[in-house]
Amino acid sequence: MTPGLRPEVTVNGVGIGLDGTDPATTALDWLRSRGLTGAKEGCAEGECGACAVMVARPGADSGTEWTALNSCLVPAASLDGQEVVTAEGLGTPERLHPVQRELARRGGSQCGFCTPGFVCSMAAEYYRDGRQPLDESARDVADDAVDDAADEAREPGHGCGANGFELEALSGNLCRCTGYRPIRDAAFALPEPAADDPLAARRTEAPPRAAATLLEGDSGRYVRPVDLADAIALLGEHPGAVLVAGSTDWGVEVNLRGARAALVIGLDRLAELRALSVGNDVIEIGAALSLTEVERGLAGRIPLLDKLFPQFASRLIRNGATIGGNLGTGSPIGDLLPALLALEADVVLTGPRGDREVAVADYFTGYRRSVRRPDELVRAVRVPVPLAPVTAFHKIAKRRYDDISSVAVAFALDIDGDVVRRARIGLGGVAATSVRARQTEAALEGRPWTVETVHAAADVLQGEGTPLDDHRASAAYRRAVLGTSLPRLYAETSPRQEASA
Ligand SMILES: Cc1cc2nc3c(=O)[nH]c(=O)nc-3n(C[C@H](O)[C@H](O)[C@H](O)COP(=O)(O)OP(=O)(O)OC[C@H]3O[C@@H](n4cnc5c(N)ncnc54)[C@H](O)[C@@H]3O)c2cc1C
Ligand code: FES
Ligand code: FES
């Protein structure tokens, strides 16, 4: 590979060299070491958003989208050739950015520790392409949504303002002292960006190109290959290398468990891993697209994923996290895997011998073990279409948002008339790998979709897998959750019974 000349990141419009930066240094530590101390370290594991910054990423069309990321998780090296905006770059005390002005005006900041992170997440949503004021009818729905969830609405994660601001944009940011109401008020008061706003104008230009990067230091090397062939050649030479995409798992390993790698191969900008194609028989999703890109690119074409995405971490994490990374961790509580099982998806692996496809159901061979060979990487997943019409994703976690599953159940059912023609059910958190609930599927198929069938199959579902006791949940609780999942789906899919007089 031919690395770029001098690794450099454009921060707030100024190029800053990465020379002398260790490859394991996070973007947060690097920014702070350069005097940009607005972004803070609250947790160093993607949970609080105090470290959020904006990065210029490819937009849905050919333009650029300002995307908020957790700078505590991504290596600084991965930003070579990219453009970053921090809270300092948005405005100054004399000339506040509209986001900063509204937060100040509405009392959205007290101690200020979380504020630069909120400012960056909020600014990314402020500049989101497609954010536009709701028309009157949509406004009523949005108002109702907030009123209905009045208690919950005091936290980020609910509702949409009349200005089109989706509060979910703030779901990865925590504030310990202000309370969320003034922060929400500031978000909902934001106008459209002004005509002469340079960051708004930047969106109409091409995004920064992915630079070929080589950064060496005491901990090892970070390499961003120029293309897939380069990545495969490098992996062939160094089968022990760590592949990194969004770094939402790897960043936690580095920060909290002290993990270091002799060689990290950055996959996140590889064009061959970033395509999304919709065909008549299959939808192919590139392994290195962020979940936000997948969600927006699919535009509702896979309803099961639409039900899953809002339950997956937070917007900040989904702006980085990828499907390849979720498969790469092999975690039995990864949320995408039960859904991919229910969708009967295939994993496309690629290596020196070319592509090969493996059904997700055959992909994992044990706890965090898979059929992926050391010289292969995940290029894409392929979801066959047409899709089953009845789908649901039930995630049980200790917190409703931004938490890992204790148990996850994904359903994809084909119900013809009143008869279940086909049932596919993926389970997470109840075995060493995600598993298909095959006995429950058999207990449903060919039977009428009635409360009797559902209760009989629920008993079978309760016995699937080999759940364990751990710090998230007991085995008995996990079984109980499995037992309630099918009746819950039945209630969700059946017309509501009128209360008898
Ligand atoms: C605060 C927080 C909340 C989270 N919440 C959830 C949640 O709700 N549900 C959930 O499932 N997960 C959750 N996660 C975990 C994580 O976000 C997901 O596993 C995510 O999909 C990882 O993607 P990534 O691109 O960031 O992976 P990375 O960190 O880049 O990589 C993870 C692993 O996958 C490997 N890998 C990456 N790409 C490939 C590839 N193309 N081919 C082969 N191997 C590859 C890497 O070598 C590495 O071992 C959370 C993480 C954090 C920090
Ligand atoms: S420091 Fe908490 S999310 Fe980064
Ligand atoms: S203003 Fe103090 S933590 Fe948010």
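Note that the coordinates shown come from a computational prediction; the quantities given were computed from them, not determined experimentally.

What counts and how
Residues numbered from 1 in each chain as written. Chains lettered and ligands numbered in written order. Predicted model: local features only at pLDDT ≥ 70, side-chain atom pairs only at ≥ 80, totals over all residues. Heavy atoms only, no water. Core = buried A, V, L, I, M, F, W, Y, C linked by side-chain atoms within 4.5 Å. Buried < 20%, exposed > 50% of the residue type's maximum accessible area, 1.4 Å probe, protein only. Contact = heavy atoms within 4.5 Å. Helix = DSSP H or I, 4+ residues; strand = E, 2+ residues; numbered from the N terminus. Expected span 1.5 Å × (residues − 1). Arc of directions from axis to C-beta. 1 Å grid on protein atoms, 1.4 Å probe; cavity = no way out; pocket = protein on both sides within 12 Å on 5 of 7 lines; lining within 4 Å. Points joined across faces, edges and corners; volume = space filled by probe spheres on them. Salt bridge = Lys/Arg side-chain N within 4 Å of Asp/Glu carboxyl O. Nonpolar A, V, L, I, M, F, W, Y, C, P; charged D, E, K, R; others polar. Near = heavy atom within 4 Å. Polar contact = N/O pair within 3.5 Å; in protein donor to acceptor, adjacent residues only side chain to side chain. Areas by Shrake-Rupley, 256 points an atom, 1.4 Å probe, with all protein chains shown as cover. Pairing = 2+ DSSP bridges. Axes fitted to C-alpha atoms, helices over the stretch in contact; angles between N-to-C directions. Parallel < 35°, antiparallel > 145°, perpendicular 65-115°, else oblique. Left-handed = near helix turned anticlockwise from the far one by under 90°. Domains from an automatic or database assignment.

**Some remarks on the nonpolar core**
In step 1: In terms of nonpolar packing, the biggest core is built from 70 residues, with Ile285, Leu305, Leu327 and Leu336 touching the most fellow members.
In step 2: Filtering out sequence-adjacent residues up to four positions away, Ile285 remains in contact with Ala275, Val294, Leu298, Ile302, Leu305, Ile323, Ala380 and Val381.
In step 3: In terms of nonpolar packing, the next biggest core, distinct from the first, is built from 32 residues, Ala52, Val85, Leu103 and Ala200 among them.

**Quick notes on helix α17 (residues 451-462)**
In step 1: Relative to the 16 Å expected for twelve residues at 1.5 Å per residue, α17 spans 16 Å between its end C-alpha atoms, a close match to the ideal helical length.
In step 2: All of the buried residues in α17 are Thr453, Val454, Ala457, Ala458 and Leu461. For α17, the angular spread of the buried residues around the axis is 135 degrees, confining them to a single face. Facing away from the buried surface of α17 by more than 90 degrees, the exposed residues are Glu452 and Asp459.
In step 3: In this structure, the buried residues of α17 make contact with β18 (407-416), β19 (419-428), α16 (438-444) and α18 (475-493).

**Focus: the layout of surface pockets**
In step 1: As a volume, the second largest pocket reaches approximately 920 Å³.
In step 2: Residue lining of the second largest pocket: 45 residues in total, with Pro58, Gly59, Glu65, Thr67 and Glu293 positioned closest to the centre.
In step 3: When contributions to the lining of the second largest pocket are tallied by element, the ones reaching two or more residues are β3 (52-58), β4 (64-70), α4 (115-126) and α10 (291-298).
In step 4: The greatest single-element share of the lining of the second largest pocket, amounting to six residues, is contributed by β4.

**Structural notes on the pattern of salt bridges**
In step 1: Applying the stated criterion across every chain yields a total of 35 salt bridges.
In step 2: For the salt bridge of Arg315 with Glu168, the shortest nitrogen-to-oxygen distance reads 3.2 Å. Residue Arg315 is found in helix α12 (residues 315-318), and its partner Glu168 is found in the loop between α5 (136-148) and α6 (180-188); the two are separated by 147 residues along the sequence.
In step 3: Residue Arg315 is classed as buried on the basis of its relative accessible area, which comes to 8%.
In step 4: What emerges from the salt-bridge pattern is a single network uniting Glu344, Arg422, Arg424, Arg436, Glu441 and Glu445.

**Thoughts on empty space enclosed by the protein**
In step 1: Evaluation of the coordinates by the stated rule reveals three cavities of 30 Å³ or more.
In step 2: By volume, the largest cavity is sized at about 120 Å³.
In step 3: Lining the largest cavity are 17 residues, and of these Pro23, Ala24, Trp250, Val254 and Val264 sit closest to its centre.
In step 4: If one sorts the elements of the lining of the largest cavity by residue count, helix α9 (residues 250-257) sits on top with three residues.
In step 5: Grouping the constituent residues of the lining of the largest cavity by class yields ten nonpolar, five polar and two charged.

**Details of the site of ligand 1**
In step 1: Close to ligand 1 lie 34 residues; Leu243, Thr248, Asp249, Thr322 and Asp335 are nearest.
In step 2: Measuring from an oxygen atom of ligand 1, one finds a backbone N or O atom of Leu243 at 2.5 Å.
In step 3: Trp250 places a polar main-chain atom, nitrogen or oxygen, 2.8 Å from an oxygen atom of ligand 1.
In step 4: Here ligand 1 has 970 Å² of accessible area as a free molecule, and 93% of this is covered by the chains.

**Observations regarding the pairing of strand β7 (residues 220-224)**
In step 1: Across the five residues that make up β7, a large majority, four, are buried.
In step 2: Taken together, the five bridges between strand β6 (residues 213-217) and β7 define a ladder with antiparallel strand orientation. Within β7, the position partnered with Thr213 by the bridge is Arg224.
In step 3: Between β6 and β7, which pair antiparallel one after the other, the connecting turn spans two residues.

**Quick word on the packing of α17 against α18**
In step 1: Relative orientation of the contacting elements α17 and α18 amounts to 155 degrees, with a least axis distance of 8 Å. Taken together, the axes of α17 and α18 lie roughly antiparallel to each other. Between α17 and α18 lies a crossing of right-handed hand. Contact residues: α17 offers Val451, Val454, His455, Ala457, Ala458, Leu461 and Gln462, while α18 offers Arg479, Ala480, Leu482, Gly483, Ser485, Leu486, Pro487 and Tyr490.
In step 2: Classifying every residue of the contact of α17 with α18 gives ten nonpolar, four polar and one charged.

**Re the side chain of Arg224**
In step 1: Note on placement: Arg224 falls in strand β7.
In step 2: Owing to a relative accessible area of 2%, Arg224 belongs among the buried residues under this scheme.
In step 3: A distance of 3.4 Å separates polar atoms of two side chains, one belonging to Arg224 and the other to Tyr222.

**With respect to unusual backbone geometry**
In step 1: In this structure, Pro386 follows Val385 across a cis peptide bond, with omega equal to 5 degrees.
In step 2: For Pro386, the location among the structural elements is in the loop between β16 (377-384) and β17 (390-396).
In step 3: The phi dihedral of Ala44 is positive, around 65 degrees, even though this residue is not glycine.
In step 4: By the secondary structure assignment, Ala44 is in the loop between α1 (27-33) and β3.

**Quick look at the pairing of β17**
In step 1: In terms of burial, β17 is largely enclosed, as six of its seven residues are buried.
In step 2: Examined bridge by bridge, β17 and β18 share seven bridges and lie antiparallel to one another. By the bridge assignment, Ala392 is partnered in β18 with Phe411.

**Describing the sheet that holds β6**
In step 1: Spatially, four strands are ordered β6-β7-β9-β8 in an open sheet, and the strand pairing comes out mixed. In this open sheet, the two strands that pair with only one neighbour each are β6 and β8 (242-244). Here the average twist between neighbouring strands, direction ignored, is 15 degrees.
In step 2: Relative to strand β9 (residues 263-266), β8 runs parallel, the two being bridged by three bridges. When the sheet's bridge partners are listed, Leu243 is paired in β9 with Ile265.

**Side note on the domain arrangement of the protein**
In step 1: We note that the domain assignment places domain 1 (7-202), domain 2 (271-384) and domain 3 (390-493) within the protein.
In step 2: Here the C-alpha centre of domain 3 lies 37 Å away from the C-alpha centre of domain 1.

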